[in-house]
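Read off the chains here:
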Amino acid sequence: MKISYNWLKEYIDFTEAPEQLGDILTQTGLEVEGIERVEKIPGGLQGVVVGEVMTCDQHPNADKLKVTKVDIGAEQFSDIVCGAPNVATGQKVLVATVNATIHPTNGEPFKIKKAKIRGEVSEGMICAEDELGLGSSHEGIMVLDTDKPNGTPAIELFETGEDHIFEIGLTPNRGDATSHMGSARDLKAYFRKDLRIPEGKSFEVKNDRPISVEVKDSERCPRFSGVTIRGVKVQPSPDWLQWKLRSIGLEPINNIVDITNYVLHSLGQPMHAYDAAHVTGDKIIVETLKDNTPFTTLEGKERKLSKDDLMVCNGDEVGMCMAGVLGGLDSGVTDQTTDIFLESAYWNADGIRSTAQRHTISTDASFRYERGADPEMTIPAVKLGTSLILELAGGYVASEIVDIYPNPIQEKEIAIDFQKFHWLIGKTLDHKLIIEILNWLDIRTEEITDTGFNAIVPAYRSDVTRPADLVEEVLRIYGFNEIELDEEFSADYLAEFNEHEPYRVQEDLSKFLAGNGFSEILTNSLTNPQYRKKFPLGGEPVEMLNPSSEELTIMKTSPVYTALESIAYNINRRNPNLKFFEHGRSYQKESEGYSEKEWLTLYLTGQTNEESWLDEPRKSSFHDLSTSVLGMLKYGGIRKTEILPIDKDPLYEYGVSIKKNNKTIGTIGKLKKELRSIYGIKQDVYHAQLDWKIVVDQYKSDIAYEPIPKYPEVKRDLSLVLDKKVSFADIQQLAFKQEKKLLNRINLFSVYEGDKIEKGKKAYAISFFLQDKFKTLTDKQIDKSMNSLMSLYEKELGAVIRK
C-alpha cells in the first residue's frame with residue numbers, strides 16, 4: 001500500500017523528515033518497507049531551457065525533417081534537426097540541451113547527445129509535452145506563450161513539486177489503516193495531535209428523477225448509501241488531483257473516476273460511479289443472480305457469475321457491478337456520461353473475499369472490503385465525493401442521500417484489568433497513560449476504577465476484539481523500544497502447554513535413531529499370558545473381557561514381551577542382525593482402576609555389520625547399545641548423566657541405570673537367557689528402556705553451535721590400577737568434577753585384567769584431552785591439571801598411577 005508524505009500532512013501537523021516519519025509509522029504497526037522520492041515533473045526539467053526558433057529550413061536529405069537554428073541564450077545559435085510538423089520561425093519552444101536527460105511520459109529516460117541526423121548536425125532537441133513528461137500529447141512541439149528570455153530554465157514556467165511515498169506492508173488485520181486518514185489516526189495517537197478530516201461542502205438538493213435503492217440481502221450488504229447527480233461534464237481532472245493520484249501510482253482517467261479514487265485513498269471508503277443512463281427504471285437492486293449468468297467487467301472480460309456473487313443491478317435486474325469488487329463495462333462513466341449515481345456501501349468482508357477469490361480478482365476496493373471497512377464512513381464519503389464532483393464536473397444533486405442501514409453495527413465493549421497490561425507488556429505503565437493512549441486511538445474508556453475499565457471500541461477497528469488486542473494497541477503507541485529487556489526476563493504464554501510437545505520429541509529422537517541404523521517397530525498392546533506366566537514383569541495385568549484369541553488375553557505389562565516376538569520372527573527368517581526401537585506402553589491394574597506408562601525401548605542383537613572383505617564382522621555388545629542410548633540423550637540435550645551399575649534386576653543378566661537430577665531416566669542391560677529362551681532366541685539381546693515422561697521433561701531442543709577452537713587440544717595418557725568394583729563411570733565423573741574448565745573429554749582405550757597385576761584389580765588406560773578455547777595451554781597449566789587428577793584418583797579411588 002502506498003501512502004504520500006505530503007498527503008498525510010493535510011490531515012495532521014508534523015515536522016519529521018520522511019525517514020523519521022517512516023520509523024514512527026513502523027513503530028506504530030504500519031511497517032514501512034521502502035520510501036521512494038517522486039517528482040511532479042520527472043527529472044525536474046534539468047537541462048531544458050526556453051529557446052526561440054530563429055530559422056527553419058527544409059532538411060536537404062529528408063522530406064519530413066526541418067533544420068533549425070535556435071537561440072537558447074548561448075553565444076551562438078544551436079543547430080537542431082526537428083521532425084515536428086508545426087515547427088516554425090519565431091516560435092518560443094522548450095529545448096533539451098546536449099547532455100540533458102529527459103523523462104518521457106511513456107518509456108525510459110534518455111540522454112540528449114550531439115549527433116548527425118541524415119548528415120546534418122543536431123545540438124539538442126525541441127520537445128513535445130509527452131517527451132518531457134508534461135502530458136500525453138505528441139501532435140507537435142510545445143509552442144510557448146511567454147516573454148521569458150531565451151535560455152531561461154524551463155522549470156521556472158511550471159509548477160513543480162516533489163513527494164515521498166511510503167510503501168507499507170499492511171497486515172491483513174489492519175483494515176482501518178488502508179487510507180491516508182487511517183495512517184494519520186495512528187500518527188494522531190503518537191503525536192497527541194488532532195486530525196483535520198476532509199469534509200464535503202453543503203449542497204442544495206433538487207429532486208429530479210432520484211434513483212431509488214432496494215437491498216435484498218442486508219446480511220451481505222449491511223449498509224448502502226448513495227446519491228444521484230445530474231448534468232455533470234466528464235473531462236480531465238485538474239492538475240492537483242492528477243498529481244495526487246500519480247504520486248501513489250494511479251493513472252488519472254477522468255474527473256468523476258479520479259474523485260472516487262481520491263476519496264478511497266483519502267478516507268479508505270471505496271466508491272463507484274454508475275452512468276445513470278444504464279440504471280433502468282431509475283432503480284438499483286442489490287441481489288444475487290443465477291449461476292453462470294454472463295457479466296462483462298470493466299477490463300472487457302466476460303465472466304460467469306456464481307449464485308453466491310452479490311451484484312448491484314439496475315431496475316431490469318441486469319448486473320452493473322460485482323458488489324465491492326469490480327464494475328461492469330457497460331455501466332461505467334464515459335466521456336458521454338451526463339448523469340451519475342454515486343455509490344458508497346459497506347459490504348460483508350467474507351462475501352467480498354469469496355467473490356474476489358472465485359474470479360481471481362484483486363482491486364483497490366476488494367483489498368479494503370476484505371480487511372473490514374468502516375460502516376460509519378459511507379455518508380462522509382458520499383458528501384465529500386459529491387462536493388468534489390459539483391466543483392470539478394458541475395451538475396446538481398438530484399436526490400437526497402440514500403442510506404439503507406437496517407441493523408447498525410454496534411461498537412464492541414471489552415472489560416480489562418490494568419494488571420493485564422503490566423503482565424503482557426512486562427512493565428508497569430501509569431494507568432492515566434494507558435487511558436490516554438486508548439482515547440487518542442478513538443477507543444473510549446468507561447467505568448474506570450483502580451483495577452480496570454471497560455473499553456468501547458469503534459466499529460472500524462474490527463481487529464480489536466479481546467483484552468490482549470487492547471494491550472497491543474497501547475504498546476505499539478507507547479513504543480516497543482521503550483520496554484527494557486532485562487537478562488532475567490523470560491517468555492510466558494497465554495495458554496498452558498508443555499514446552500516440548502511429546503510428539504515433536506518423539507519425531508526428533510526417532511530421526512536420530514533411524515540415522516544411526518535403528519528400525520522402528522510397532523507391536524500389539526495385547527500379548528500372550530504365557531509369556532508373563534513364565535517370566536513375570538510389571539504389575540498385575542489387565543485382562544480382556546472378550547479376547548479375540550486365547551493368545552491375546554492380557555495387555556502387556558512390559559514392552560519386552562511383544563518386541564521379542566518381532567526379534568524372534570526376524571531371526572527365524574535369517575535376519576539375525578537387528579537394531580530396533582519402539583515407542584510403546586505398558587499397562588497394569590491398580591487398586592482403583594488402571595494405569596499405563598509410556599516407554600522408549602531399544603534392542604540390539606547379532607553382529608554390528610555384515611561379512612565383508614573390507615571389515616571383519618563383530619558381535620554387538622552392551623557398549624554398542626549404551627553408546628547409542630547415551631548419544632541419543634546427548635543429542636536431546638540430556639547431558640551429565642550418572643551411570644550406575646544394577647546389582648540385581650529381574651530383566652538383566654547385568655546392566656546399568658541412567659540417572660539425572662535424582663531421577664532414573666532408564667536402564668541398559670543384557671536380557672536374561674531365561675527370557676530369551678521363551679521365544680527360542682539363542683543369541684544375546686541387549687535392551688534399553690527409558691521412561692518417556694522423564695525424557696520429554698528433560699529434553700532440550702535448542703542446539704548451540706560454536707566455531708572450531710583455534711587453540712590446540714592437548715592429550716595426556718594415564719594408566720590406573722584400580723579395584724575391580726571401580727567403574728569407568730566413576731573415573732569419568734570424578735574427572736569432570738575436579739577439572740571443569742580445561743578438561744574437554746576423556747577416552748578409555750584399554751582395560752587389562754591378568755597375572756601381571758594384583759588379583760582383584762584391573763588396569764585402565766585412559767586419554768585425557770585438555771583445551772582452553774581462548775589461549776594456548778602451557779606445560780605448567782597441563783601439569784597442574786594432571787597432577788590434581790592423579791591426586792584425586794589416589795585419594796578417592798585408591799588408584800595406583802602407572803607412569
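Conventions used here
- Residues numbered from 1 in each chain as written.
- Predicted model: local features only at pLDDT ≥ 70, side-chain atom pairs only at ≥ 80, totals over all residues.
- Heavy atoms only, no water.
- Buried < 20%, exposed > 50% of the residue type's maximum accessible area, 1.4 Å probe, protein only.
- Helix = DSSP H or I, 4+ residues; strand = E, 2+ residues; numbered from the N terminus.
- Pairing = 2+ DSSP bridges.
- Arc of directions from axis to C-beta.
- Contact = heavy atoms within 4.5 Å.
- Axes fitted to C-alpha atoms, helices over the stretch in contact; angles between N-to-C directions.
- Parallel < 35°, antiparallel > 145°, perpendicular 65-115°, else oblique.
- Nonpolar A, V, L, I, M, F, W, Y, C, P; charged D, E, K, R; others polar.
- Core = buried A, V, L, I, M, F, W, Y, C linked by side-chain atoms within 4.5 Å.
- Expected span 1.5 Å × (residues − 1).
- Phe/Tyr/Trp six-rings, centres within 6.5 Å; stacked < 30°, edge-to-face > 60°.
- Disulfide = S-S within 2.5 Å.
- Polar contact = N/O pair within 3.5 Å; in protein donor to acceptor, adjacent residues only side chain to side chain.

Student: Hey, could you go over the pairing of strand β28 (residues 452-457) for me, with residue numbers and the actual values?
Tutor: With six of its six residues buried, β28 lies for the most part within the structure. Every second residue of β28 is oriented toward a common face, with Gly452, Asn454 and Ile456 on one face and Phe453, Ala455 and Val457 on the other, all of them buried. In the sheet, strand β26 (residues 412-417) pairs with β28 via six bridges, with the strands oriented antiparallel. Among the inter-strand pairings, Glu413 is bridged to a residue of β28, identified as Ile456. Where strand β27 (residues 444-446) meets β28, three bridges bridge the pair, whose relative direction is antiparallel. Bridge pairing in β28 places Arg444 opposite Ile456.

Student: Quick one: what's the story with helix α9 (residues 418-425), residue by residue and with numbers?
Tutor: Since the α-helix packs 3.6 residues into each turn, any two residues three or four apart lie on the same face. Considered for burial, the residues of α9 that qualify are Phe418, Phe421, His422 and Ile425. Buried positions in α9, seen along its axis, are confined to an arc of 95 degrees and lie on one side of it. Turning to α9, the residues buried within the fold contact β26, α10 (431-440), β28 and α11 (467-478). Of the residues one or two after α9, Gly426 is the one with positive phi, at around 85 degrees.

Student: Break down the packing of α9 against α10 for me, citing the residues and quoting the values.
Tutor: Running from N to C, α9 and α10 cross one another at 90 degrees; their axes reach a closest spacing of 11 Å. Considered as vectors, α9 and α10 are oriented roughly perpendicular to each other. Taken together, the residues of α10 that come into contact with α9 (itself represented by Phe418, Phe421 and His422) are His431, Ile434, Ile435 and Leu438. The residue makeup of the contact of α9 with α10, split by class, is five nonpolar, two polar and no charged.

Student: Explain the sheet that holds strand β34 (residues 642-645) to me, and be specific about the residues and the numbers.
Tutor: With mixed pairing, the seven strands of this open sheet are ordered in space as β29-β32-β33-β37-β36-β35-β34. Across the chains shown, the open sheet's two edge strands, defined by having one partner strand only, are β29 (519-520) and β34. Where helix α14 (residues 560-571) meets the sheet, it contacts β32 (578-589), β33 (594-605), β36 (663-671) and β37 (685-691), and its direction lies at approximately 150 degrees from that of β32.

Student: Give me the lowdown on the nonpolar core, citing residues and values where you can.
Tutor: One finds Leu8, Leu21, Phe166, Leu187, Ile256, Val263 and Ile389 to be the most contacted residues of the largest nonpolar core, which totals 52 residues. Excluding residues that lie within four positions of it along the chain, Val263 makes contacts with Gly268, Gln269, Met271, Ala381, Leu384 and Gly385. Of all hydrophobic cores here, the second largest spans 33 residues; its members include Phe295, Ala323, Ile352 and Tyr369.

Student: Account for helix α12 (residues 502-515), with residues named and values stated.
Tutor: Its 14 residues give α12 an end-to-end C-alpha distance of 20 Å, which sits within 8% of 20 Å, the value for a rise of 1.5 Å per residue. Residues of α12 that are buried: Val505, Leu509, Ser510, Phe512 and Leu513. For α12, the angular spread of buried residues about the axis comes to 160 degrees, placing them on one side. Within α12, the exposed residues directed more than 90 degrees away from the buried face are Lys511 and Gly515. Residue Gly517 follows α12 closely and has a positive phi angle near 90 degrees.

Student: An account of the sheet that holds β26 is requested, with residue identities and associated values reported.
Tutor: The sheet built from three strands is open, its strands ordered β26-β28-β27 with antiparallel pairing. The open sheet has two free edges, formed respectively by β26 and β27, since each of these has just one partner strand. Each adjacent strand pair in this sheet contributes to an overall mean axis angle of 30 degrees, direction not counted. Across the sheet, α9 touches β26 and β28, and the angle it forms with β26 is around 75 degrees. Against the sheet, α11 touches β26 and β28, its axis set at about 80 degrees to β26.

Student: Lay out the packing of aromatic side chains in plain terms, naming residues and giving numbers.
Tutor: Taken as a whole, this structure holds 15 aromatic pairs when the rule is applied. Note on Phe421 and Phe453: the rings are 6.1 Å apart at their centroids and 25 degrees apart in plane angle, and the pair reads as stacked. Taken together, the residues Phe421 in helix α9 and Phe453 in strand β28 connect sequence positions 32 residues apart. Phe453 matches Phe421 in its accessibility class, with the two residues each being buried. When the ring of Phe768 is compared with that of Tyr793, the centres are 6.4 Å apart and the planes differ by 40 degrees; the resulting orientation is tilted.

Student: How would you summarise the environment of Glu794 if you had to cite specific residues and measurements?
Tutor: By the secondary structure assignment, Glu794 is in helix α19 (residues 779-796). Residues Glu794 and Ile259, 535 residues apart in the sequence, show an inter-C-alpha distance of 94 Å. Non-local contacts of Glu794, meaning those with residues more than four positions away in its chain, are made with Ala799 and Ile801.

Student: How would you sum up the environment of Tyr346? Please name residues and give values.
Tutor: Here Tyr346 shows up in strand β23 (residues 340-346). Classification of Tyr346 by relative accessible area gives buried; the value is 14%. Here the alpha-carbon distance between Tyr346 and Glu376, two residues 30 residues apart in the chain, equals 8.7 Å. Tyr346 has contacts with Cys221, Pro222, Arg223, Tyr369, Ala373, Asp374, Pro375, Thr378 and Ile409, leaving out every residue within four places of it along the chain.

Student: Residues and numbers for the state of the cysteines, please.
Tutor: According to the stated counting rule, one finds zero disulfides in the structure shown. Of the cysteine sulfurs around Cys56, a residue in no disulfide, the closest is that of Cys82, at 7.4 Å. For Cys127, which is in no disulfide, the shortest distance to another cysteine sulfur is to Cys82 and amounts to 9.1 Å. Assessed through its relative accessible area of 0%, Cys127 is described here as buried.

Student: Could you give an account of the pairing of strand β5 (residues 78-82), with specific residues and numbers?
Tutor: Within β5, four of the five residues are buried, which leaves the element mostly enclosed by the surrounding structure. Strand direction decides the pairing type here: strand β4 (residues 66-71) and β5, joined by five bridges, are antiparallel. By the bridge assignment for β5, Val70 is matched with Ser78. Counted along the chain from β4 to the antiparallel partner β5, the turn is six residues long, and its residue Gly73 has a positive phi close to 85 degrees.

Student: For the side chain of Asn150, give the residues involved together with the corresponding values.
Tutor: By the secondary structure assignment, Asn150 is in the loop between β12 (143-144) and β13 (162-168). With a relative accessible area of 18%, Asn150 lands in the buried category. At a separation of 3.2 Å, a polar atom in the side chain of Asn150 contacts the side chain of Glu52. Within polar-contact distance, the side chain of Asn150 engages the side chain of Asp71 at 3.0 Å. For Asn150, the contacting residues outside a window of four places in its chain are Val50, Gly51, Glu52, Asp71, Ile72, Gly73 and Lys92.

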